[in-house]
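Residues per chain, in single letters:
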Amino acid sequence: MKKLILYILAMVTILTTTACSNTKPMILFNKNHITVETVMSNDTVFTRGERIYYLILLPKKVQTHNIYIQIIKKGSAGRLGYELFWTHNARLKEEQMYYYDDYVVLNQPGSYVMVVYSKDNPQKPLTMSPFIVQ
């Protein structure tokens, strides 16, 4: 009887502690269009005038179907050394609720940060990722 109770307690403990998922939203950059074959080659250094393909992965569904994307240039003469460089409002399609992909072309060299917000909570960023344009 003791073995049975210990076995049940062990199984409950294993199932409750190992089933947790800590996946967070993330942004992947690439020099080529992002496909199944190229998704793992995450580039963060680009040249001027080159297409910067990005893939935003969202593990949780965005209720409003809208995300807000910002590119902030670091180290410029803006407020506290940061300048809002580019913005984009994106509407997520029903079949693309957990990801969004597109590209952007930047012609000014510098260090940038892409920040993604959800329209559900626009004060807190979902994710951010730095990249460089040479």
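A brief look at the structure comes next. (Residues numbered from 1 in each chain as written. Predicted model: local features only at pLDDT ≥ 70, side-chain atom pairs only at ≥ 80, totals over all residues. Heavy atoms only, no water.)

1. A word on unusual backbone geometry
Heads up, the rule is: In this description a helix means any DSSP run of H or I spanning at least four residues, a strand means any run of E spanning at least two, and both kinds are numbered starting from the N terminus. For every residue, the accessible area obtained with a 1.4 Å probe (protein chains only) is divided by the maximum for its type, and the residue is called buried under 20%, exposed over 50%, and partly exposed between those limits.
The backbone phi angle of H65 is positive, close to 65°, even though this residue is not glycine. Along the chain, the position of H65 falls in the loop between β3 (51-57) and β4 (66-79). Relative accessible area serves as the criterion here: at 18%, H65 is assigned to the buried category.

2. Some thoughts on the layout of surface pockets
Stated formally: Definitions used for this entry: grid spacing 1 Å over protein atoms alone; cavity, a set of points where a 1.4 Å probe fits but cannot get out; pocket, an open set with protein on both sides within 12 Å along at least 5 of 7 lines; lining residue, one with an atom within 4 Å of a point. Grid points are joined across faces, edges and corners, and a volume is the space filled by probe spheres set on the points. The classification used treats Ala, Val, Leu, Ile, Met, Phe, Trp, Tyr, Cys and Pro as nonpolar, Asp, Glu, Lys and Arg as charged, and all other residues, Gly among them, as polar.
The calculated volume of the largest pocket comes to roughly 330 Å³. As for the largest pocket, its lining consists of 14 residues, and the residues nearest its centre are P25, K60, K124, P125 and L126. Per element, the largest residue contribution to the lining of the largest pocket is four residues, and it comes from strand β8 (residues 121-133). Class assignment for the residues of the lining of the largest pocket results in six nonpolar, three polar and five charged.

3. Section: the nonpolar core
Heads up, the rule is: In this text, buried Ala, Val, Leu, Ile, Met, Phe, Trp, Tyr and Cys residues form a nonpolar core when linked through side-chain atoms within 4.5 Å.
Y54, I56, I67 and F131 are the most contacted members of the largest nonpolar core, which totals 22 residues. Put simply, the parts of the chain that give this core at least two residues each are β1 (26-30), β3, β4, β6 (99-105), β7 (110-118) and β8.

4. Remarks on the pattern of salt bridges
For clarity, the cut-off: What counts as a salt bridge is simple: a side-chain nitrogen of Lys or Arg found within 4 Å of a carboxyl oxygen of Asp or Glu.
Taken as a whole and judged by the stated rule, the model has one salt bridge. One salt bridge connects K61 with E94, and the closest N-O pair in it is separated by 3.9 Å. With a gap of 33 residues between them, K61 in the loop between β3 and β4 and E94 in the loop between β5 (82-91) and β6 connect regions that are remote in the sequence. With a relative accessible area of 39%, K61 lands in the partly exposed category.

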